[in-house]
Every structure is written in structure tokens, then in C-alpha cells.
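Here is what each chain is made of, one letter per residue.
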Amino acid sequence: MRVRLDHLVCWVSDQLVSLHFYERVIGLPGVRAEEFREGKAPFPSVRITPTCILDLMSFEVTRGVDEGTGVHGSAGHQINHFCLAFGKEDFDALKLRLKKHRVEITGTGTNSFGAQGIAPETIYFS
């Protein structure tokens, strides 16, 4: 069976602030960002890989049924975390951007297991 991850959905309190964070701080390109800003798309996304995006869904949807998907709220499921893998140079640049934007690092680690094997260094932030 050939399966791949297509998209993740994160519940966010402010879609524009979250979009700005993922575009400017993390460095991921927006998907349907302009359409969202113009009111033509219900939510923005950012591209993680050529085949995977992260949707930024408003908490407001959790108070009712998402008209686009028919999904009722978050079904009580919250994400603990998700991992983005970077090469060493990009990882170091990300740490500098997080510091520049005053993003608090809430945890660090070494030799963390993931889908691509062992990550020599990890950082966590909200």
C-alpha cells in the first residue's frame, strides 16, 4: 500500500497571526494565503513539503460544524506536537529567527526518534 501524509490541521486562535508566524518565522510558504486575506478561502495553509500542507483552522470552527468538511469541532482531540525536519544549516537559521521574533523555546532534546531516524538536536515551542 502506498500512503503519504497529505495535510495536518492545527486549531489556531488567530489565523493571520499564525500564517505570519509560519511564513516569516518558520519560513514555510503560504498556500491560499492571499485568497484567505481577501475572504475567498475559509482558512490559509502553509506548505511543508511538495506533497504536504498544514491548514490553519480557526478555533471558532470548534463551536459548530465546519461547513467545508462537515466535521463537528475537534472531536476533543488536540495535537501534542508535530515535528518539522530541517538540515543543520536551516535548523540553525530557524533558531536565530525564533530568537529574533522572541519565540520562547519550551524544551530541547537530543537523539530524538522520528520517521527519518534519529534527530541529533530538537527544540520545542508553542
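Our structure is the block above this text.
Residues numbered from 1 in each chain as written. Predicted model: local features only at pLDDT ≥ 70, side-chain atom pairs only at ≥ 80, totals over all residues. Heavy atoms only, no water.

**Observations concerning the nonpolar core**
Counting 17 residues, the largest nonpolar core has F21, Y22, I26, V46, L54, L56 and L98 as its most contacted members. Of all the secondary-structure elements, those providing two or more residues to this core are β1 (7-12), α1 (15-26), β4 (52-58) and α3 (88-100). Counting residues per element, this core draws most heavily on α1, at five residues. In this structure, V46 is in contact with L19, Y22, E23, L28, P29, G30, V31, I53 and L54, ignoring residues within four places of it in sequence. (Core = buried A, V, L, I, M, F, W, Y, C linked by side-chain atoms within 4.5 Å. Buried < 20%, exposed > 50% of the residue type's maximum accessible area, 1.4 Å probe, protein only. Helix = DSSP H or I, 4+ residues; strand = E, 2+ residues; numbered from the N terminus. Contact = heavy atoms within 4.5 Å.)

**A closer look at the packing of α1 against α3**
For the pair α1 and α3, interaxial distance at closest approach is 9 Å and the crossing angle is 125°. The orientation of α1 relative to α3 falls into the category oblique. When α1 is examined against α3, the residues F21, R24, V25 and I26 are found in contact with a partner set consisting of L94, R97 and L98. Taken together, the residues of the contact of α1 with α3 break down into five nonpolar, no polar and two charged. (Axes fitted to C-alpha atoms, helices over the stretch in contact; angles between N-to-C directions. Parallel < 35°, antiparallel > 145°, perpendicular 65-115°, else oblique. Nonpolar A, V, L, I, M, F, W, Y, C, P; charged D, E, K, R; others polar.)

**A closer look at unusual backbone geometry**
The backbone of R32 sits at a positive phi, close to 60°, despite the residue not being glycine. Here R32 lies in the loop between β2 (30-31) and α2 (33-37). Phi angles above zero are rare outside glycine, and R102 is one such case at about 60°. The residue R102 is located in the loop between α3 and β5 (105-109) in this model. Take R102: its relative accessible area is 77%, and that puts it in the exposed class.

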